[in-house]
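Descriptive analysis of the structure
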Amino acid sequence: MPRVLLCDKLETAGVEILRKAGFEIDNRPGLSGDALREALRQADGAIVRSGTQLTAAEFETPGKLRAVARAGVGVDNINVPAATRKGIVVMNTPSGNTVSAAEHTIALLLALARHIPSADASLKAGRWERTKFTGTQLAGKTLGVVGLGRIGREVARRASGLDMKVVGFDPFLAVERAAQFGVEAVQRLEDLLPRCDFITVHVPLTDATRLLIGTEEIEMLKPGCRVLNVARGGVIDETVLADALKSGRVAGAAVDVFSIEPPPSDLPLLHAPNVVVTPHLGAATVEAQENVAREAAQLIVEFLTKGSVQFAVNMAAIDHAEMSDARTYIDLARRLGMLQAQLATGAIQRVVLNYRGDVARRGTKLITAAFLTGLLDGRFDLPVNLVNAEILASERGIEVVAASNPKKGDFGTLIETEVTAAKPTLASGTLFGNQFLRLVQLGQFRLDAYLDGTLVVMPHRDQPGLIGHIGTIFGKHGVNIARMAVGRESSQPGGEAVALLNVDSLPSEEARAQVLSHPAIHTLTIVRLPAVNETPPWLN
C-alpha cells in the first residue's frame, strides 16, 4: 500500500481521492527539520503547498520517496535540482488555480484604477472625499502582460473584455500564437515597458526572472504607469517599486506576493502611497483550493499506481498509455545500456543512439533516458531512473546524442547504441514479434542473441574445436549453456568472431581461466542482465 505524506493542509476532496485509491495517508501538516525528513523517507509520495520548504537537505536521503506533487503552480519552495538528482519526480497543478489567480489580478486592477480600498477606508472613517478618489477607466488603456502562460492568457482575455489593448512579452510564445489570444506580442521586454498604462507580471520565480523588474525597467515605464504582481515575490524589486511610488514615477501598485511572506511590518512597499496589497490571495478561493487538491492527489495516484507522469517540472510527461505502448522499447534500451556499461573499459565520454523504423516514430526521449538508466546504474550511490538519468550523465560529462529515422532497414525496428570510453563499442537491439528482445549486432559482428540472464561474451579467432573447448570446460564445472550465438566477421572461417553464451549459473574464476587458456580466445567478459520480463520498479 503506497504511503503519501501531506506536508500542508489538503482539502477534503484531495484526501478522499487518496483514500479511495487505498493509500496510507500520513496527514501531518507543519512538520519541519528532522521530523519532516524522516516522514518523507517513509513515504512513497508527498503533497505540498506553499507552506513547506523542501530543500536539498530534505532530499539528501530520500528513502522510499519517489514523487512530490505541488498543490499549486509555483515550485520555488522545492529544490527541484536536488529532487531530480535523487530520481524524484516533481509535479505541479498548473490549471487548478488559473481562473482564481486571473480573477484576483483583474480585481486588483480595478481596485487600483478606482482607489477602492482607500475610498472604502475613508468612508468608514467618517469622511466623504469623492474628489480625492477620482480614478481612471480601463477601457482604451494598454495593459502589458509579462508572461503568457495559463494565467497570463486568462488575464489578457479578461482585460480584452474590458476593452483594454493587451500587449504581451513571453520569449517562449510565438507571435502568431499570441495573436490567437488577442495579444500583440513584442520580442523584448524593453519594447513593452514604455507602452503600458498598466503592467502585470505572470512568471515563475527563477534565476532568469528574479528582479526582472528593477531600476532600469522602472525607468523605462511610461510615467504614471501602474504595476501589478500576482505571480511571485522577488520578480519585481520591492525597494525600487516603493521608491518609484513615492517619487510619483509609478502612479500605483497592486501587490499580492512578497519576497518574504509574511512581509516584515516595516517593509517600505507596505507604506508607500497608492499601493493596494493582499496577503497572497491569488489562489485563495474555495474552488481553486479544491481543484489543486484534487489535481495533486490524482497526480500522485496516477504516478504510484500506473507510472503516469503529468505536469512534471523535471522530466517529460508520460501517460499510462504511452508507458504501456513503449514498455518493451524501454526495456530493450535499458538492457542495451546495461550491456554497454559492463563492456565499456575506462570512463564513458560519449553516447550515440540511433533509432530506426517503428521505434523512431515514438517519443524516443523516454527511451534514451531508459538506456542511460542501464548505462549508469551502479555507478552512483543513489538509484538511477527516468527522472535523474539525463542529469547524472551530464554531471559525469557524458555527451548524449540521439537521432531518429523512421525508414526501416534490415529490421522493422532497431536501436543502435555506440558508447565511447577507452574505445567505442557498438551494440544494436531489436524486437522479434512484440516481446522478444534480441541483440543483433555487437561491434562489427552480426548475430542473434538473447538479452537476459548471465551472458558470457568472448571475442575470438574463428577456428574448429573452439565451441567444444568451451562446452567441455563449462560442463566439467557444472555450468549449463542455455543458448549460444556466434557472429563472424565474414562468411569464411579463420577470421575474427564473437561468441555470446547465455548460461544458467555464473562460471567460477577457475572455469573462466581454463576457457581463456585457449590461444584463439582474446577476452572473456561476464555480463549480468535481468531475467526475462524482469523490470525495475519505475517501469512496473
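Residues numbered from 1 in each chain as written. Predicted model: local features only at pLDDT ≥ 70, side-chain atom pairs only at ≥ 80, totals over all residues. Heavy atoms only, no water.

1. Topic: the packing of aromatic side chains
What describes a pair of aromatic rings is the distance from one ring centre to the other and the angle between the planes of the rings. Definition in use: Between 30 and 60 degrees the pair is tilted, below 30 it is stacked and above 60 it is edge-to-face, where a pair is any two Phe, Tyr or Trp rings, Trp via its six-membered ring, whose centres lie within 6.5 Å. Counted as over-ring charges are cases with an Arg CZ or a Lys NZ within 6 Å of the ring centre that also lie within 35 degrees of the ring normal.
Tallying each qualifying case throughout the model produces zero aromatic pairs. In this arrangement the basic side chain of arginine 438 is found over the ring face of tyrosine 450, its NZ or CZ atom lying 3.7 Å from the centre. Its guanidinium or amino end placed over the ring of tyrosine 450, arginine 483 lies 3.8 Å from that ring's centre, counting from NZ or CZ.

2. A look at the side chain of serine 100
Just so we agree on the cut-off: By definition, any uninterrupted DSSP run of H or I lasting at least four residues is a helix, any uninterrupted run of E lasting at least two residues is a strand, and each is numbered from the N terminus. Any residue under 20% of the maximum accessible area for its type is buried, any over 50% is exposed, and the rest in between are partly exposed; the area is computed with a 1.4 Å probe on protein chains only. Two residues form a contact once any of their heavy atoms are found within 4.5 Å.
Positionally, serine 100 belongs in helix H5 (residues 98–114). Its relative accessible area of 9% is what places serine 100 among the buried residues. In contact with serine 100, not counting residues within four places along its chain, are Gly282, Ala283, Thr285 and Ala288.

3. Digging into a nonpolar patch on the surface
Formally: Distance thresholds for patches are 9 Å for like charges and 5 Å for nonpolar side chains (Val, Leu, Ile, Met, Phe, Trp, Tyr), applied to residues having over 30% relative accessible area and no salt bridge. Surface exposure here means Shrake-Rupley accessible area, sampled with a 1.4 Å probe, where a residue is shielded only by the protein chains that are shown. By salt bridge we mean one thing: a side-chain nitrogen of Lys or Arg within 4 Å of a carboxyl oxygen of Asp or Glu.
On the surface, Ile467, Met484 and Val486 cluster together into a nonpolar patch covering about 240 Å² of accessible area. Among the secondary structure elements, valine 486 is positioned in strand S20 (residues 481–488). You can call valine 486 partly exposed: its relative accessible area is 37%.

4. Let's talk about the environment of leucine 516
Looking at the secondary structure, you find leucine 516 in helix H17 (residues 509–516). Of the residues examined, leucine 516 reaches a relative accessible area of 34% and is grouped as partly exposed. It is 10.0 Å that separates the C-alpha atoms of leucine 516 and histidine 460, two residues lying 56 residues apart in sequence. Once residues within four sequence positions are removed from consideration, leucine 516 is found in contact with Ile521, His522, Thr523 and Leu524.

5. As for the pattern of salt bridges
This structure, assessed with the given rule, holds 30 salt bridges. Between lysine 9 and glutamate 11 there is a salt bridge; the shortest N-O distance is 3.5 Å. Given a relative accessible area of 55%, lysine 9 falls into the exposed group. Across the pair arginine 41 and glutamate 38 runs a salt bridge, and its minimum N-O distance is 2.9 Å.

6. Let's talk about the sheet that holds strand S22 (residues 525–528)
Defined as follows: Two strands are counted as paired when DSSP detects at least two bridges linking them. Angular values range over 0 to 180 degrees, each being the angle between N-to-C directions of two axes fitted as lines to C-alpha atoms, with helices fitted over their stretch in contact.
Taken in spatial order, the four strands make up an open sheet running S20-S21-S19-S22, and their pairing is antiparallel. Edge positions in the sheet fall to S20 and S22, since each has one partner strand and no second. Adjacent strand axes in the sheet meet at a mean angle of 20 degrees, parallel and antiparallel pairs treated alike. As defined by bridge partners, strand S19 (residues 454–461) adjoins strand S21 (residues 496–503) across eight bridges and the pair is classed as antiparallel. The residue of S21 that forms the bridge with methionine 458 is alanine 499. Running at roughly 145 degrees to S19, helix H16 (residues 466–476) makes contact with S19, S20 and S21 of the sheet.

7. Describing the sheet that holds strand S14 (residues 399–405)
Spatially, S14-S13-S15-S16-S17-S18 is the arrangement adopted by the six strands of the open sheet, whose pairing is mixed. Each end of this open sheet is capped by a strand with a single partner; those strands are S14 and strand S18 (445–450). Across the sheet, the mean angle from the axis of one strand to that of its neighbour is 20 degrees, orientation sign disregarded. Helix H14 (residues 364–376) contacts strand S13 (350–357), S14 and strand S15 (413–420) of the sheet and is inclined by roughly 135 degrees relative to S13.

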